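Read off the chains here:
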Amino acid sequence: MSRIGKRPVTIASGIEVSLDGTTLVAKKGKLEKRLETYGRVGIDIKGSEVIFSRVGEDRESSAFWGTYRALFNNIIIGLDKGFEKSLEINGVGYRAAIQGKTLNLQLGFSHDINFNIPDGIDITITKNVITIKGSDKQTVGQVAAEIRSFRPPEPYKGKGVKYTDEVIIRKAGKAAGK
């Protein structure tokens, strides 16, 4: 049985939640997020809480119960506070700059990498730290993963793009032999 599905989702102030058939709609100002449940879970809105319930007694129903509750909780957190990921660039000559809606990365290749910034994502650069902010947790994580994939950190000198809280386990270089 889902332990996450049991807990109700508390709606933050300033966010309006409505049920449109099998779709949960959360609005804050002009920003609107939708969660299509396809009738896999029961939804009940009581005051400032949204309560999810199982439709059946099978294992799949229990999985959907916890999943949809977690997804909707992420929507509420995203509309209220937003999500943030930070990447750190390490390496001689490695740089990042924003040009309009494009992130320009110089990561030691013979050419620059131009990454188009998706809608709803804000990217700021401070020295060698790239900060990615947005209201959708999945999009923020996906953008951070794509930027990191251009030059993942290598284990010998630690050069590349890494998450700020990521620990790179270093390897010893070649040993001088006799």
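Criteria and cut-off values
- Residues numbered from 1 in each chain as written.
- Predicted model: local features only at pLDDT ≥ 70, side-chain atom pairs only at ≥ 80, totals over all residues.
- Heavy atoms only, no water.
- Helix = DSSP H or I, 4+ residues; strand = E, 2+ residues; numbered from the N terminus.
- Expected span 1.5 Å × (residues − 1).
- Buried < 20%, exposed > 50% of the residue type's maximum accessible area, 1.4 Å probe, protein only.
- Polar contact = N/O pair within 3.5 Å; in protein donor to acceptor, adjacent residues only side chain to side chain.
- Contact = heavy atoms within 4.5 Å.
- Pairing = 2+ DSSP bridges.
- Axes fitted to C-alpha atoms, helices over the stretch in contact; angles between N-to-C directions.

Asker: For this particular structure, what's the right way to read helix H1 (residues 59-80)?
Answerer: Every α-helical turn comprises 3.6 residues, leaving residues that sit three or four positions apart pointing alike. Relative to the 32 Å expected for 22 residues at 1.5 Å per residue, H1 spans 32 Å between its end C-alpha atoms, a close match to the ideal helical length. Residues of H1 that are buried include every one of Ser61, Ser62, Trp65, Gly66, Tyr68, Arg69, Phe72, Ile75, Ile76, Gly78 and Leu79, and no others. Backbone geometry just downstream of H1 places glycine 82 in the positive-phi region, at approximately 90°.

Asker: Help me understand the side chain of threonine 37 in this model?
Answerer: In this structure, threonine 37 sits in the loop between strand E4 (31-36) and strand E5 (41-46). Of note is the side chain of threonine 37, whose polar atom sits 2.6 Å from the backbone oxygen of threonine 22. Apart from the residues lying within four places of it in its own chain, the contact partners of threonine 37 are Thr22, Ile43 and Tyr68.

Asker: I'm lost on the sheet that holds strand E12 (residues 129-134) in this one. Help?
Answerer: Backbone-to-backbone hydrogen bonds pair the strands of a sheet. The strands run either parallel or antiparallel. Spatially, the four strands line up as an open sheet ordered E11-E12-E7-E13, and their pairing is antiparallel. Edge positions in the sheet fall to strand E11 (121-126) and strand E13 (160-163), since each has one partner strand and no second. Put simply, the sheet's adjacent strands are angled 25° from each other on average, direction ignored. Inspection of the sheet shows strand E7 (residues 83-90) paired to E13 by four bridges, in the antiparallel sense. Residue pairing across strands places isoleucine 89 opposite valine 161, the latter belonging to E13. Docked against the sheet, helix H2 (residues 137-149) engages E7, E11, E12 and E13, running at close to 5° with respect to E7.

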